[in-house]
Each structure stands twice: as structure tokens, then as C-alpha cells.
Amino acid sequence: NIILNAVETYARDHGGSLPETITTSETEICRIEKGIDCTGLIDLRTLSGTYVLTLPIDPSTMTGASTSYTIFRTGQNVIVGAPLAEKGMTIRTGR
């Protein structure tokens, strides 16, 4: 919910507009630390500082540029997923 809350607050502060980097294709989210190359990932650094201090990182993958969580939009709805959930399940939540 940290990611969804940050995106929702960003949208509220920007007249309903979502961060431009969120696409309609489910894509992994990039970590927001400085110096990380986000090529091929969703870059949510626009949320950093004001909307979130740090993004959660799936504990099963603590290295690399990806948080191992995914995000995409369908209209004004945002869906965040955890494709590496326990027991091979994928968990998704959205608003």
C-alpha cells in the first residue's frame, strides 16, 4: 500500500494525473536510490521525498535495480503487484 498511497497522493496533488512513467504494461518498479539505472523499469523517482522516502523492496531480491514489485495503469486506476509472493502466487492490489 505504500506505493499505491504515494501514487494516489501524487495524483491528487497534480489534478488527477498519474506519474507519466506508469504505463499500461505491467512492469517492474525501479528502486529510487541515486545512481540506479532504471532502463526497462518504471522510474518513480518523482515520488521520492515528497510522497515516499523509500520504496519497499521484495525481501527475496535485495540486489539489482528492481524492487521486484510491478505497477501499471488502466485508465486512472493503478495496479501494484508482487509477482514473487510466497508459494508461487502473484498478489495484486489497486485503486
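Before going into details, it helps to say that this report is about the structure given with it. (Residues numbered from 1 in each chain as written. Predicted model: local features only at pLDDT ≥ 70, side-chain atom pairs only at ≥ 80, totals over all residues. Heavy atoms only, no water.)

## What about the nonpolar core?
Argument step 1. Membership of the largest hydrophobic core comes to 21 residues, with the highest contact counts inside it found for Ile3, Val7, Leu44, Leu47 and Ile71.
Argument step 2. Contributing elements (two or more residues each) for this core: α1 (2-13), β2 (66-74) and β3 (77-82).
Argument step 3. No other element matches α1, which puts six residues into this core.
Argument step 4. Each residue touching Ile71, except ones within four places of it in the same chain, is listed here: Ile3, Val7, Ile22, Ser25, Glu26, Thr27, Ile29, Ile42, Leu44, Val78, Ile79 and Val80. (Core = buried A, V, L, I, M, F, W, Y, C linked by side-chain atoms within 4.5 Å. Buried < 20%, exposed > 50% of the residue type's maximum accessible area, 1.4 Å probe, protein only. Helix = DSSP H or I, 4+ residues; strand = E, 2+ residues; numbered from the N terminus. Contact = heavy atoms within 4.5 Å.)

## Some thoughts on the state of the cysteines
Argument step 1. One pass over the full model with this rule turns up one disulfide.
Argument step 2. The side chain of Cys30 participates in a disulfide bridge whose partner is Cys38; the two sulfur atoms lie 2.1 Å from each other. Disulfide Cys30-Cys38: torsion about the S-S bond near -75 degrees, hence left-handed.
Argument step 3. What makes Cys30 buried here is its relative accessible area of 0%. (Disulfide = S-S within 2.5 Å.)

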